[in-house]
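# Coordinates in review
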Amino acid sequence: MKHILLLSMLLMTLLAGCQPVQRFAAADTATPPLAAVTPEAVTLEPEGFIQRTHDPVIAREGGAYYVFSTGARIPFLCSPDMVTWEFCGRVFEQNPAWTRQVNPQLGDIWAPDISFFNGRWHLYYAVSTFGTQDSAIGLATNKTLDPASPDYAWEDHGIVLRSQPGDRWNAIDPNLVLDEQGEPWLAWGSFWSGIWLHKIDPATGMLASDGAAFHHLADRSAGPDNTPAIEAPFIVPRDGKWYLFVSFDQCCQGAGSTYNLRVGRSDALTGPYVDRAGAPLLEGGGTLILDAYDRWKGPGHNGMLIEDGVYWMVYHAYDERQIGIPKLRIESLAWDADGWPSLPSQQQ
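The notes below deal with the structure included here. Being a predicted model, the structure only gives us computed values, none of them experimental.

Conventions and cut-offs
Residues numbered from 1 in each chain as written. Predicted model: local features only at pLDDT ≥ 70, side-chain atom pairs only at ≥ 80, totals over all residues. Heavy atoms only, no water. Salt bridge = Lys/Arg side-chain N within 4 Å of Asp/Glu carboxyl O. Helix = DSSP H or I, 4+ residues; strand = E, 2+ residues; numbered from the N terminus. Buried < 20%, exposed > 50% of the residue type's maximum accessible area, 1.4 Å probe, protein only.

Okay, the pattern of salt bridges next. This structure, assessed with the given rule, holds twelve salt bridges. With a closest N to O distance of 3.8 Å, R321 and D294 form a salt bridge. Taken together, the positions of R321 in the loop between β22 (310–319) and β23 (325–332) and D294 in the loop between β20 (287–290) and β21 (296–307) put the pair 27 residues apart, joining distant regions of the chain. Judged by relative accessible area, R321 falls into the exposed class, the value being 57%. Where salt bridges share partners, they join R220, D225 and D249 into one cluster.

What follows is about unusual backbone geometry. Residue G271 is joined to P272 through a cis peptide bond whose omega torsion reads 5°. Located in the positive-phi region is D55, a residue other than glycine, with phi close to 60°. Here D55 lies in the loop between β3 (47–48) and β4 (57–61). For D55, a relative accessible area of 8% puts it in the buried group. Phi angles above zero are rare outside glycine, and D239 is one such case at about 50°. As for its placement among the helices and strands, D239 is situated in the loop between β17 (230–238) and β18 (241–248). The partly exposed category is assigned to D239, whose relative accessible area is 27%.

See the structure below:
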C-alpha cells in the first residue's frame, strides 16, 4: 500500500495545468528515443467504483482523470490520481434516437473512445447486437469533461460509420488517432475482416469525403489460427513508429474469457504493421503483450494515455475471485532497447 500512496502523491504533483490534456499529441517523428527518460513501469491497483468496467478508455483534463466504458448511456468514472475512482455520471440522459435504427432493444452502448482535437472532446462509440455486423459508430462532442463546468454539455452528431451483413468490416470498437500533422484518423473493427482505418474530417468529426482510402490494418481470418477473433484497435506513436494494439480471442465470458492483447508496429500510420517476429498483422501476426495473470482472466480491450513520456494503459480483466466481474486495471508500459513494449504484470 505504501508504494501506491507514494505513487499517488507523485501523480498529484504532476497535475499542475488546467488545460485539456490529449490522450496523446500529434506524433513527432523527430523526437529522440524515450528509453533513457521513461520511468520504471508499474502496475496500479485501482479502488473504488471499478467493478463492471468494460472496454475502458482514459483521458485527463485539468486535475482529473476520466474513464469512459461500455454501459447504459456510456458511464464514466473520475479520479484525482488514477488510483481512487468514483462514478461521475453518464454521457446521455437517454439513448440517441438514431440508435433505434440499429438496435431497437439497445441496452448498453459499447466501447467508447475519447480524444481531443479541433477545440472539443470527441467521444466515438458503438451501437450493435452481439455477434452481428448490424452495427454503427456514433459521435458526441463536448467542450469539457468536467460535469461541474457551465460549459459541460454533450452534443450527439449521429452516425459516423455503418455496417450491415455482407460488408467488409464490423463498425464497432472505434479509436481516434492523430497523425504527424495532427490530422485525425479513425480505426475500428471486430471479427469479420479485422481492423480498418480511414481519415476523419477535423471540422465535422465524420469520415473525410475527399477521396481518402480505407486502409486494412490487421486480420486473423487469413492467418495460421484460422479464426476471425480480433478486435478493439488502439494506435499510439512512439519514436517515429506507430504501435497497433489489438485484442485476440473471446471476451465477455467472465472468468472463462480468453481475451489477450497483441501488438504490432509500422513506420506509417496506414501500415503495414508487423509483429516482433516480422509476421504481418494482416496475416494473423501479433506479439503477445498481455495475458491472464494471478486472479485476472481475459484481460484486453485497452486504452492509452501518454503523460510526460509515460504510456499508461487501461484495460478490463475478469476477477475470478468475484464471479468473473470485469474490473478496471491500469499499468504503465516498459520499452526495451529494440522499441518493443511490455507490461509489469506479465513479469510475475
